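# An overview of the molecular structure
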Amino acid sequence: MGENMEARNQAPRPRGRPRGVLPQQALDAAMRMFWAEGYDAASIDRLCRETGMPRASLYQDFRGKQGLFLAAIAHYVETRIGPVVAALGPRGTLEEDLAAFFDAVVDLATRDRRTPGCLVSCVLADVAGANDTFRQELDRRFSALEDAIAQRLEHAARPDCAPDNRALAGMLAAIARGIMLRARGGASAQSLHMIAEMAVRSVVALRSQG
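To keep things clear, this report deals only with the structure shown in the data block.

Conventions adopted
Residues numbered from 1 in each chain as written. Predicted model: local features only at pLDDT ≥ 70, side-chain atom pairs only at ≥ 80, totals over all residues. Heavy atoms only, no water. Helix = DSSP H or I, 4+ residues; strand = E, 2+ residues; numbered from the N terminus. Contact = heavy atoms within 4.5 Å. Buried < 20%, exposed > 50% of the residue type's maximum accessible area, 1.4 Å probe, protein only. Core = buried A, V, L, I, M, F, W, Y, C linked by side-chain atoms within 4.5 Å. Phe/Tyr/Trp six-rings, centres within 6.5 Å; stacked < 30°, edge-to-face > 60°. Lys NZ or Arg CZ within 6 Å of the ring centre and 35° of its normal. 1 Å grid on protein atoms, 1.4 Å probe; cavity = no way out; pocket = protein on both sides within 12 Å on 5 of 7 lines; lining within 4 Å. Points joined across faces, edges and corners; volume = space filled by probe spheres on them. Arc of directions from axis to C-beta.

A few words now on the side chain of Thr115. Within the secondary structure, Thr115 is located in the loop between helix H6 (94–110) and helix H7 (119–128). Once you skip the residues sitting within four places of it in the chain, Thr115 turns out to touch Arg32, Trp35, Ala36, Leu108 and Ala109.

A cis amide bond links Gly89 to the next residue, Pro90, at an omega of 15°. Among the secondary structure elements, Pro90 is positioned in the loop between helix H5 (65–86) and H6. With phi around 60°, Arg63 is a residue other than glycine that occupies positive phi space. Here Arg63 lies in the loop between helix H4 (55–62) and H5. Given the relative accessible area of 74%, Arg63 is considered exposed.

Moving on: the nonpolar core. Membership of the largest hydrophobic core comes to 64 residues, with the highest contact counts inside it found for Phe69 and Tyr76. Beyond its immediate sequence surroundings of up to four residues, Phe69 is in contact with Phe34, Tyr39, Leu119, Val123, Leu124, Val127 and Phe134.

Okay, the packing of aromatic side chains next. Per the stated rule, a full pass over the model turns up seven aromatic pairs. Geometrically, the ring pair formed by Phe34 and Tyr39 is stacked, given 5.9 Å between the ring centres and 15° between the ring planes. A relative accessible area of 14% means that Tyr39 is categorised as buried. Residues Tyr39 and Phe69 carry aromatic rings whose centres are separated by 4.9 Å and whose planes lie at 55° to one another, so their mutual orientation is tilted. Remark: Phe69 occurs in helix H5 and Tyr39 occurs in the loop between helix H2 (24–37) and helix H3 (44–51); sequence separation between them is 30 residues. Neither residue differs from the other here; Tyr39 and Phe69 are each classed as buried. Grouped by ring-pair contacts, the aromatic residues Phe34, Tyr39, Phe69 and Phe134 constitute a single cluster. For the cation-ring pair, Lys65 lies above Tyr39, with the distance from its terminal atom to the ring centre recorded as 4.5 Å. Looking at Arg177, its charged tip hangs above the ring of Phe142, at a distance of 3.9 Å from the centre.

Here the largest pocket is characterised by a volume of approximately 250 Å³. Looking at the largest pocket, it is lined by 17 residues, and the ones nearest its centre are Ile81, Val85, Val120, Arg141 and Leu145. Secondary structure elements with two or more residues in the lining of the largest pocket: H5, H6, H7, helix H8 (132–155) and helix H9 (165–184). Of the residues forming the lining of the largest pocket, the biggest block, five residues, is contributed by H5.

A few words on H3. Among the residues of H3, those classed as buried are Ile44, Leu47, Cys48 and Thr51. Buried residues along H3 cover an arc of 100° about the axis, so they all sit on one side. On its buried side, H3 packs onto H2, H4 and H5. Looking one or two residues past H3, Gly52 carries a phi angle of roughly 75°, positive in sign.

Right under this line is the structure:
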């Protein structure tokens, strides 16, 4: 009996993907559906069809639609927000890097007519109010962007002045989120670039007075 138990303990585990992991293509499909249609409109049946994932696997791997949405958010941040944040550099002057950042924001918000705006600023924010998990996720994602902008501002800070980089970062992040929301409503890339240019000029001018 001891030998049989030892053999069972040493038996290889069944193969399969780790829990909560989808192939890149399927996770991208889930992300795009949530992004295009919103959380509530993305039904379980349609998500299963788009991702090619059986309903049982969705509940086993992600514990349902909420878990899949959070996985889609993480995928979005890595693949879409990551390059936007990377545009902050530092590579050039503060003005150049902020302009590159906002160019990336506008491009992300408007490049695909099926997925305007931002999965975080538009879709996650829309459902966060009634859901503690989503609200905490939204705060974490917002804070991460503000931290990245603050780090770039601190890199450009002059030793003889002490600008409130956290407040400036919060303002710039809020403008970026506003651009995303306007894009969701159908605003043109040209009009959004004008808003971004004004934001960059205002911050550069403000810091030059410090």
